[in-house]
Structure formats: C-alpha cells, structure tokens
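# A closer look at the structure
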Amino acid sequence: MTKKAILAGGRFWGLEDLIRKQPGIINTVVGYTGGENDDPTYKDHPGHAEAVEIEYDDTKTSYKKLLNFFFQIHNPTTVNRQGNDIGTSYRSAIFYGNDDEKKLGEEFIKIVNDSKRWKDPVVTTLEPLTKFWPAEDYHQDYLVKNPGGYTCHAIYFDNYLK
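Residues numbered from 1 in each chain as written. Predicted model: local features only at pLDDT ≥ 70, side-chain atom pairs only at ≥ 80, totals over all residues. Heavy atoms only, no water.

Under an unreviewed UniProt entry, the name given to the protein chain is Peptide methionine sulfoxide reductase MsrA. In its Function (unreviewed entry) section, the UniProt entry covering the protein chain states "Has an important function as a repair enzyme for proteins that have been inactivated by oxidation. Catalyzes the reversible oxidation-reduction of methionine sulfoxide in proteins to methionine." (UniProt positions renumbered as here; feature names shortened; annotations may be inferred.)

Listed below in structure tokens is the structure:
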C-alpha cells in the first residue's frame with residue numbers, strides 16, 4: 001500500500017535528492033506547506049516551509065524509517081536555518097497527517113535528543129498538514145537536472161535505530 005509523508009529540513013531539492021534514493025520510495029515532489037497564502041510560489045510563500053512530499057510503499061519502508069533517514073541528513077537543531085539558508089522556509093518540520101504520525105514524530109525527536117549526536121536540542125516542529133502545493137517545474141528533480149547545484153544536505157550520522 002502506498003502512503004505519503006511531508007518533511008521539511010532546508011532547501012527542498014537537497015532533501016529530495018537523498019530521500020528519493022531510499023528503499024521503498026515511489027515518488028518525491030518538492031513544494032510548499034505550512035504558510036500563510038494559497039497557491040504559494042518560490043517568490044511568494046510567506047511562512048511556508050520548503051518541503052518534500054514523499055510517496056512510499058509501506059511494505060518496503062515505514063514512516064519511522066523515513067524519519068530515521070530525515071534526521072540523518074539535515075541539522076534539526078538550528079531554528080529556521082540549514083547551512084547558509086536562513087528563514088522560516090528552511091525550518092526543520094514534520095507535517096503530520098494523523099495522530100500516529102504525530103506520535104512517531106514526537107518519539108523520534110526524543111530518540112534524536114537522547115542520542116546526544118547533536119550538541120544542541122532538536123528544534124524540529126510538529127505541524128498538522130493542511131495543504132501541500134507542488135513547487136514550480138524547474139524545482140522538481142532540481143539536482144538531477146543541475147548536478148552541480150547547491151545543497152547543504154549530506155548523510156551526517158548513521159542509523160538512529162538499533
């Protein structure tokens with residue numbers, strides 16, 4: 001069965017490029033969510049996070065495994081910032097679609113904090129998903145189209161799950 005998850009952690013195309021390669025991922029779409037206006041665009045998305053909509057096969061991966069990888073590839077301890085990118089667009093956020101996803105998000109934030117891998121506490125927000133708007137076509141698969149493009153995402157840590 002296919003499911004969707006929406007995660008934000010800095011410039012969306014960096015997250016997308018790493019997440020798309022994980023087992024069980026069917027499709028990724030970059031876009032905007034959690035902000036103040038309808039039909040946001042790259043030039044007009046006040047309060048929206050740059051996020052990735054992840055379609056996955058839950059017989060091959062799980063929401064918990066997605067969170068595990070998400071927390072390996074960005075810094076969840078900087079408020080509204082990833083690398084040189086600053087602003088609410090670049091916040092670390094889990095946009096949950098139901099109570100189970102919210103609970104798993106809370107549990108995973110605790111796992112990351114308890115790991116002491118980061119010197120500062122996790123500031124990732126848990127936000128109810130309202131609506132996700134796909135970004136413009138030129139942002140989709142950006143690092144595939146532009147292999148030398150900017151990203152501040154990398155695999156910083158090994159698996160959090162034992």
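So that's the structure; there's more coming.
By size, the foremost hydrophobic cluster in this structure holds 29 residues, and its most contacted members are Phe-12, Ile-19, Ile-54, Phe-71, Ile-94 and Val-112. Looking at this core, the elements that each hand over two or more residues are β1 (2-9), α1 (12-19), β2 (25-33), β3 (49-57), α2 (63-70) and α3 (99-115). Excluding residues that lie within four positions of it along the chain, Ile-19 makes contacts with Ile-25, Thr-28, Ile-54, Phe-69 and Ile-73. Counting residues in hydrophobic clusters, the runner-up holds eight residues, among them Ile-6, Ala-8, Val-29 and Ala-93. (Core = buried A, V, L, I, M, F, W, Y, C linked by side-chain atoms within 4.5 Å. Buried < 20%, exposed > 50% of the residue type's maximum accessible area, 1.4 Å probe, protein only. Helix = DSSP H or I, 4+ residues; strand = E, 2+ residues; numbered from the N terminus. Contact = heavy atoms within 4.5 Å.)

A word on the sheet that holds β3. Sheets are built from strands that pair by backbone hydrogen bonding, the pairs being arranged parallel or antiparallel. The six strands are arranged β7-β6-β1-β3-β2-β8 in an open sheet whose pairing can be described as mixed. Edge strands, defined here as strands with exactly one partner in the open sheet, are β7 (125-128) and β8 (132-134). Here the average twist between neighbouring strands, direction ignored, is 35°. As paired elements, β2 and β8 share three bridges and run antiparallel to each other. By the bridge assignment for β8, Tyr-32 is matched with Trp-133. Along the sheet, α1 contacts β1, β2 and β3; its crossing angle with β2, the most-contacted strand, is approximately 170°. Along the sheet, α2 makes contact with β1, β2, β3 and β6 (92-96), crossing β1 at roughly 20°. (Pairing = 2+ DSSP bridges. Axes fitted to C-alpha atoms, helices over the stretch in contact; angles between N-to-C directions.)

Our next topic: the pairing of β6. Most of β6 sits out of view: five of its five residues are buried. Residue alternation in β6 divides its side chains into two sets, Ser-92, Ile-94 and Tyr-96 and Ala-93 and Phe-95, and both sets are buried. The sheet contact formed by β1 and β6 spans four bridges and is antiparallel. Looking across to β6, one finds that Ile-6 is bridged to Phe-95. Read from β6 through α3 to β7, the crossover connection turns out right-handed. (Right-handed = clockwise from strand over helix to strand, strands pointing away.)

On to the packing of aromatic side chains, then. Evaluated as defined, the whole model comprises nine aromatic pairs. Relative to Tyr-32, the ring of Phe-12 has its centre 5.7 Å away and its plane inclined at 55°; by these criteria the two rings are tilted. In this pair, Phe-12 sits in helix α1 while Tyr-32 sits in strand β2, placing the two residues 20 residues apart along the sequence. The same class applies to Phe-12 and to Tyr-32, which are both buried. Taking 5.0 Å as the distance between ring centres and 80° as the angle between the ring planes, the aromatic pair formed by Trp-118 and Phe-157 counts as edge-to-face. Note that Trp-118 is positioned in the loop between α3 and β7 and Phe-157 in the segment after α4 (142-145), a separation of 39 residues in sequence. Judged by its relative accessible area of 17%, Trp-118 falls in the buried class. Taking relative accessible area as the criterion, Phe-157 reaches 22% and is therefore assigned partly exposed. Linked through ring pairs, Phe-70, Phe-71, Phe-108, Trp-118, Tyr-156, Phe-157 and Tyr-160 together constitute an aromatic cluster. When the ring centre of Tyr-160 is taken as origin, the NZ or CZ atom of Arg-117, which lies over that ring, is 4.3 Å away. (Phe/Tyr/Trp six-rings, centres within 6.5 Å; stacked < 30°, edge-to-face > 60°. Lys NZ or Arg CZ within 6 Å of the ring centre and 35° of its normal.)

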